[in-house]
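If you want the building blocks of each chain, they are given just below.
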Amino acid sequence: MDNSRTQDTFSQLSQEKILKIMNMVKNKEVSIEEALHLTQKEAYAEKDSQDLLTGSQFNFIIYKYKHYRWQKRILQIDFNTRTIFNIEKGIIKKQFPFSQVKACEDTERRRFSIVFHGRQDYELEAVSLDDKRKITYLLSRVIQSNSCKRPAESSFYRPAECDVIHEGLLDLQQNACTCTEWVKYLVQLREGELALYCTGLGRKNNTADPVTTTINLTGGNVSVSKENGCSTFSIQTKEHNYLFRIPFTVQNNRMEDVSKLQNEWVTLIERNCQLRKGALLPQEGSQGCTFSEADYEDLTVPLNEQKEEVLHFGVTSATASLNKSSSPQTKPAEGESAPASPPLPLPRSKAEVPPAPPALPQLCSLSPLTKRTKAFHWDVVPCDKIQKSVWASCDPCKKRIDVSRLCDQFQLQEIAVFSGNEPSVNQHIMLDRKVAHNFNIFLKSFRIKPSELKEKLYIIHEENGGLTDEQITALRRYMPTPKDAERYQSFKGSSSELHVVDQFMLEMCKIPHLGVRLDLLLTMRELPVSMRDLEPLINQKIHASKQLLSSQKFVAVLEYILAIGNHLNEKAGKEKAKGFRLSSLTKLPLLRGKEKTFTLLHALVEQIFLHEPDLAKFSEELTELEAVPDASMKGLSAEVDVLKKELEDVIQCRRLIKPKTIKVTSQESQFYKDLKDLIQKYEGDLSQLSKRCDEMKKLYSNVLVKFGEPQDLDSQELFGWVSSFISAFRKACAEVMP
């Protein structure tokens, strides 16, 4: 960390925090380098809290795993409506009240999960560690506001209520590729969470953000226990097991001191977990009883995803289970209980042998010269259905087919895969085993050598030979962590001796600002597409608002509804109304007359045809509202807001990666020139789109005023009511005047 950056960091901290860190150095609890990282962490925390206090609505780009791929979405956390929105291309796909948020679980790298009451968890991935930190910070405020049952404003705008309950330096056990090591963390216990700030990483990568992990204590499934010895204790969650150790310091140099600290940590964490469990139990029960039917209609999508996953892995699972069943069965030893299993029907006789299971289908042994084709995954008719079906008399052998034509169209393409030194199965891999396994699967379809990767990063467009969007997204997902970077930078041998996974990781660690470069490329690809998709949607909302503001016939129809409604209510002993919400339009078909098929909407149509038949064509003035709206102004505004942030990030990225003193190659020079030209073009396009978005919001605000609707009403609801009314009115017209 350079001197200027260190001074800037210290200037952002209070005297109290600076004194606390200096005392840690004085007591030899942390080194000077670790103290600098703690200072950086505190500065980030201060910046987050200040930045996030300036607004009440926050938009983040996230990726949601669905249908076997990560889909780009916008996560909007709105403290005005106390709702979390999932937005895709301006359409609000789902919305969750704050009261349904149960916990936020921190997972590896940029991933995290939001746990809801009565719903499936949301597994998400942020575009950066900085965004992930901000999202988890905001979600922790949401969770705390739920537990304390106070308004969101009081929990959000008063960070003093989220003060640290207890803090200290602890060693956390981590499993490296060859050994187990202890890494020092600053641990802070807050209401509902345990925050871990690593001080032992980043020594060779001082520009990296402080590595932060959050253990959520609000899920009701967290436990803490003492381990063997007086210095260790563990925290068990649904996904992880964390083993902590009290470090020996100048102040804590006796076993009694260490044991006292261990008891203190365990007691406080245990008390916090118990308080959270007690607060969650009644809430979960009440939530389960108060959900409306509409709350659960979106659950069909995750269930379908599960079904697809079962189908996708069905063949593998079936083969594995058959192989398992064909292996010799071992009887349990005497005194041991047999594994629990469902009751089986008793055999009819001791001599009777149960039928053998069906034989496994023999896989065709294809020679190396045989060209393989794509498989047609059809749904097979069960054997017991064949006899009485048309398939019983079918003989496919009688049908002549052009085999060469089929093979030509559906043969599998040969994929040139970089093999390097094909490693043996037992070859050692430096990377984490799980990450290495997934990364290796990706590399098998990656047609680029490690030495060519850097050159590809200087090509903006795929058609010019650059990386595909899928490849960029995958590389971002397998970005080396600061700990990975330390491990690979310490490697001194020949890269040719390494596994192909390690060869790529080693090359990725050598590329400066790799994550920034990948983010920049992906954003430059997505920005024009996003703007092109949003422009017609925004224009449609503008035209719809203008039509509502200018339509005289629609207002006349509303006057007829007001007159009919007041007449009925007056006869019913109720007061007359001066106006009604447009949501009432959907209730007209629900009020039935003496004849069950005659509704208040039919009465409206009769009155209009009787007195002003020309008003029946009012929908001709509202052509933009005939179709049920998909995108909402709230969602479109969030999309434009995110595009502005993305373009600002691109400009910052360009400044960061462009060398100021080193002479660049012709390829690099052309890359920076193309990048500058594209940024200027996108700035102009986005400026025009932003103006149209402002016009859209202003016109819609006038619509809300004209019809007496609240200003926080989303266009998706209002336009939906009018659209439904137009459709129902036309149907009623056809029934009244056939």
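Residues numbered from 1 in each chain as written. Predicted model: local features only at pLDDT ≥ 70, side-chain atom pairs only at ≥ 80, totals over all residues. Heavy atoms only, no water.

1. Some thoughts on the overall build of the chain
When helices and strands are tallied, the chain shows 22 helices and 14 strands. For the chain, the residues scored as buried account for 42% of the 738 residues in total. Intrachain contacts of the chain at a sequence separation of at least 6 include 67% that bridge at least 24 residues. When the accessible surface of the chain is totalled, it reaches about 43300 Å², and 53% of it is carbon and sulfur. (Helix = DSSP H or I, 4+ residues; strand = E, 2+ residues; numbered from the N terminus. Buried < 20%, exposed > 50% of the residue type's maximum accessible area, 1.4 Å probe, protein only. Contact = heavy atoms within 4.5 Å. Areas by Shrake-Rupley, 256 points an atom, 1.4 Å probe, with all protein chains shown as cover.)

2. Here we look at the pattern of salt bridges
Applying the stated criterion across every chain, the model contains 23 salt bridges. A salt bridge links Arg487 to Asp484; the nearest nitrogen and oxygen atoms lie 3.2 Å apart. One end of the pair is Arg487 and the other is Asp484, both in helix α15 (residues 482-489) and three residues apart, which spans about a single turn. For Arg487, a relative accessible area of 18% corresponds to the buried category. For Asp641, the salt bridge is made with Lys645, and the minimal N-O distance between the two is 3.7 Å. Of the two residues, Asp641 and Lys645 are both situated in helix α20 (residues 633-657); the distance of four residues between them amounts to about one turn of the helix. Since its relative accessible area comes to 26%, Asp641 is described here as partly exposed. Residue class for Lys645 comes out partly exposed when judged on its relative accessible area of 36%. (Salt bridge = Lys/Arg side-chain N within 4 Å of Asp/Glu carboxyl O.)

3. What to know about the packing of aromatic side chains
Under the defined criterion, the tally for this structure stands at 19 aromatic pairs. Measuring from centroid to centroid gives 5.7 Å for Phe618 and Phe725, while their planes differ by 35°, and the two rings are tilted. Highlighted residues: Phe618 in the loop between α19 (600-611) and α20 and Phe725 in helix α22 (residues 715-736), separated in sequence by 107 residues. Site record: aromatic cluster; members linked through ring pairs are Phe439, Phe442, Phe446, Tyr478 and Phe504. Above the plane of the ring of Tyr137 lies Arg141, whose end atom (NZ or CZ) is 4.7 Å from the centre. The ring of Trp182 carries the charged tip of Arg245 above its face, separated from the ring centre by 4.4 Å. (Phe/Tyr/Trp six-rings, centres within 6.5 Å; stacked < 30°, edge-to-face > 60°. Lys NZ or Arg CZ within 6 Å of the ring centre and 35° of its normal.)

4. Comments concerning the pairing of strand β1 (residues 57-66)
For β1, a buried count of eight out of ten residues is recorded, marking the element as mostly surrounded by other parts of the structure. As judged from the three bridges shared by β1 and strand β7 (residues 122-126), these two strands associate in the antiparallel manner. Within β7, the position partnered with Lys64 by the bridge is Leu124. (Pairing = 2+ DSSP bridges.)

5. Things to note about the confidence of the model for the chain
Residues with a pLDDT of 70 or more make up 67% of the chain, whose mean pLDDT is 74. In the model, residues 282-354 has pLDDT below 50 throughout and makes 37 contacts with residues more than four positions away in sequence or in other chains. Scored below 50 in pLDDT, residues 356-366 shows three contacts in the model against residues more than four places distant or in partner chains. (pLDDT = per-residue confidence, 0-100.)

6. Some words on the packing of α20 against helix α21 (residues 666-706)
Two numbers describe a pair of packed helices, the interaxial angle and the distance between the axes. Following both chains from N to C, one finds α20 and α21 inclined at 155°, their axes separated by 10 Å at the closest point. The angle between α20 and α21 places the two elements in the roughly antiparallel class. Along this stretch, α20 crosses α21, giving a crossing that reads as left-handed. Across the contact of α20 with α21, the residue classes break down as 18 nonpolar, two polar and five charged. (Axes fitted to C-alpha atoms, helices over the stretch in contact; angles between N-to-C directions. Parallel < 35°, antiparallel > 145°, perpendicular 65-115°, else oblique. Left-handed = near helix turned anticlockwise from the far one by under 90°. Nonpolar A, V, L, I, M, F, W, Y, C, P; charged D, E, K, R; others polar.)

7. With respect to α15
Among the eight residues of α15, six are classified as buried, and the element is accordingly described as predominantly covered. Along α15, the residues that are buried comprise Pro482, Lys483, Asp484, Ala485, Arg487 and Tyr488.

8. A short note on α19
Here α19 contains twelve residues, and its C-alpha end-to-end distance of 17 Å stays within 8% of the 16 Å for a straight helix at 1.5 Å per residue. Regarding α19, the residues found buried are Leu600, Leu601, His602, Ala603, Leu604, Val605 and Ile608. At its buried positions, α19 is contacted by α18 (552-571) and α22. (Expected span 1.5 Å × (residues − 1).)

9. Observations concerning the environment of Leu622
Examined against the element boundaries, Leu622 turns out to sit in the loop between α19 and α20. Accessibility expressed as a relative area gives 0% for Leu622, which makes it buried. C-alpha separation for the pair Leu622 and Ser551, spaced 71 residues apart in sequence, amounts to 7.4 Å. If we ignore the near neighbours within four places in the chain, the residues touching Leu622 are Gln547, Leu548, Ser551, Phe554, Val722 and Ile726.

10. Some thoughts on unusual backbone geometry
In terms of backbone geometry, most residues other than glycine have negative phi values and most peptide bonds are trans. Unusually for a residue other than glycine, Arg82 sits at a positive phi of about 55°. Here Arg82 lies in the loop between β2 (69-78) and β3 (83-88). Even without being glycine, His513 reaches a positive phi, approximately 55°. Counting through the fold element by element, His513 comes out in the loop between α16 (500-510) and α17 (514-550). You can call His513 partly exposed: its relative accessible area is 33%.

11. Let's talk about the side chain of Arg517
Here Arg517 lies in helix α17. Buried and without a salt bridge, Arg517 has Glu668 as its closest oppositely charged side chain, separated by 6.7 Å. In this view, Arg517 contacts Leu457, Tyr458, Ile511, Pro512, Ile657 and Tyr672; residues no more than four positions away in its chain are not counted. (Lys, Arg positive; Asp, Glu negative; His and termini not counted.)

12. Remarks on the nonpolar core
Of all hydrophobic cores here, the largest spans 109 residues; its most connected members are Phe439, Phe554, Leu604, Phe725 and Phe729. Not counting residues within four places of it along the chain, the set of residues in contact with Phe554 comprises Leu548, Leu582, Leu585, Phe618, Glu621, Leu622, Phe707, Val722 and Phe725. (Core = buried A, V, L, I, M, F, W, Y, C linked by side-chain atoms within 4.5 Å.)

13. Some thoughts on the environment of His166
Inspection of the secondary structure assignment puts His166 in strand β8 (residues 166-175). As for His166 and Leu268, which are separated by 102 residues in sequence, their C-alpha atoms are 8.1 Å apart. Once residues within four sequence positions are removed from consideration, His166 is found in contact with Val187, Gln188, Leu189, Glu264, Trp265 and Leu268.

14. Overview of the side chain of Arg525
Note on placement: Arg525 falls in helix α17. For Arg525, the side chain forms a polar contact with the main-chain oxygen of Ile460, separated by 2.5 Å. Arg525 has contacts with Ile459, Ile460, His461, Glu462, Gly466, Leu467, Thr468, Asp469 and Ile472, leaving out every residue within four places of it along the chain. (Polar contact = N/O pair within 3.5 Å; in protein donor to acceptor, adjacent residues only side chain to side chain.)

15. Things to note about the environment of Asn566
Topologically, Asn566 is positioned in helix α18. Its relative accessible area of 11% is what places Asn566 among the buried residues. Sequence-wise, Asn566 and Lys578 are twelve residues apart; in three dimensions their C-alpha atoms are separated by 8.8 Å. A polar contact is formed between the side chain of Asn566 and the backbone nitrogen of Ala577, at a distance of 2.7 Å.

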